[in-house]
Amino acid sequence: MSEPPTGTSSHRAQAHGRRANHRRYHDGAEVDGYVDDPYHRVRRAVAARLVTEGVTGDGPVLELGCGPRGMLDPTALAGPLVLADAAEAALGTARRAAGGRAVPVCLDATRGLPFRAGSFAGLLAGELIEHVYDPLALLRECHRVLAPHGLLVLTTPNLAPVQDRLAFLAGRAPRQVDPLHPYLWLHIRPFTASLLRRTLRRAGFTPLAMRSNEVGWRLPGGRWVASRWLARAAPGLGGSLICAARRGGAPPPPRNAP
């Protein structure tokens, strides 16, 4: 089976997604409105811990798609922190939030990463991969800019949390594929835990750990109940997937390559 096609049609799809995401996230207000929510606060803390505990050496660390407030504390890293985002306004806010102790780079991750091969000891991409048309191309770029055995940490919404699994059996679509949702319609590449691991392996990574923030359930009256213990025991049932992976050798070439 061939991988997703490249060419004019895929470039148009990528460009459409790029414009839609920029309209939604250009000033950072959307992200800034939810990062203090307990759901996202736990997700961000788990991801940051995986980076600080898993990066070896004192090489630089890249946070890709940092938004207005990055997840990493520059003082907790052995090497320098590079913050990257497509939105200049959000990037400036993130740099100020880091106390000026991070290097800002404005880039579009769907166009390739403007760094030399092997530049980073670690790379964190939070809530980004589900927004891009070709996530495999993005992961291959992450692989390229990471040093040998460099660490990649990803967070992405889970396509199959426990409540959506049961809803699907009743004929209702998971939230992540709802084209009418005010912002989830921008999540064009949702992942389950198994699919995320498989895609990482295809890009040349070795998955190390899968974590989640909480396993939640909305009761009939609207009350939300959540368990962090269940998220630790069964992360594939949680709301967010938080995955750490180690860069291996060169990724295999695309199957439709000549």
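A brief report on the enclosed structure follows. Just so you know, these numbers come straight off a predicted model, no measurement behind them. (Residues numbered from 1 in each chain as written. Predicted model: local features only at pLDDT ≥ 70, side-chain atom pairs only at ≥ 80, totals over all residues. Heavy atoms only, no water.)

### Let's talk about the environment of Ala193
Line of reasoning, step 1. Mapped onto the elements, Ala193 comes out in helix α7 (residues 193-202).
Line of reasoning, step 2. Relative accessible area serves as the criterion here: at 9%, Ala193 is assigned to the buried category.
Line of reasoning, step 3. Counting along the chain gives 47 residues from Ala193 to Ser240, while the straight-line C-alpha distance between them is 9.6 Å.
Line of reasoning, step 4. Other than its neighbours up to four places away in sequence, Ala193 contacts Asn158, Met210, Gly236 and Leu241. (Helix = DSSP H or I, 4+ residues; strand = E, 2+ residues; numbered from the N terminus. Buried < 20%, exposed > 50% of the residue type's maximum accessible area, 1.4 Å probe, protein only. Contact = heavy atoms within 4.5 Å.)

### A closer look at helix α3 (residues 38-54)
Line of reasoning, step 1. Here α3 spans 24 Å end to end across 17 residues, near enough to the 24 Å set by a 1.5 Å rise per residue.
Line of reasoning, step 2. When α3 is considered as a whole, its buried residues turn out to be His40, Val42, Arg43, Arg44, Val46, Ala47, Ala48, Leu50, Val51 and Gly54.
Line of reasoning, step 3. Buried residues along α3 sit against β1 (61-64), β4 (120-126), β5 (146-157), β6 (205-211), α8 (228-233) and β9 (240-247).
Line of reasoning, step 4. A side-chain oxygen of the first residue of α3 lies 2.9 Å from the backbone nitrogen of Tyr39; this N-cap is Asp37. (Expected span 1.5 Å × (residues − 1). Polar contact = N/O pair within 3.5 Å; in protein donor to acceptor, adjacent residues only side chain to side chain.)

### Notes on the pairing of strand β2 (residues 81-85)
Line of reasoning, step 1. The element β2 is largely enclosed, with a buried count of five among its five residues.
Line of reasoning, step 2. Side chains of β2 alternate between two faces, with Leu81, Leu83 and Asp85 and Val82 and Ala84 buried alike.
Line of reasoning, step 3. The pairing of β1 with β2 spans four bridges and is classified as parallel. Residue pairing across strands places Leu64 opposite Ala84, the latter belonging to β2. (Pairing = 2+ DSSP bridges.)

### With respect to the pattern of salt bridges
Line of reasoning, step 1. With the rule as written, the count across this model stands at four salt bridges.
Line of reasoning, step 2. Between Asp108 and Arg111 there is a salt bridge whose closest N-O contact spans 3.2 Å.
Line of reasoning, step 3. Classification of Arg111 by relative accessible area gives exposed; the value is 62%. (Salt bridge = Lys/Arg side-chain N within 4 Å of Asp/Glu carboxyl O.)

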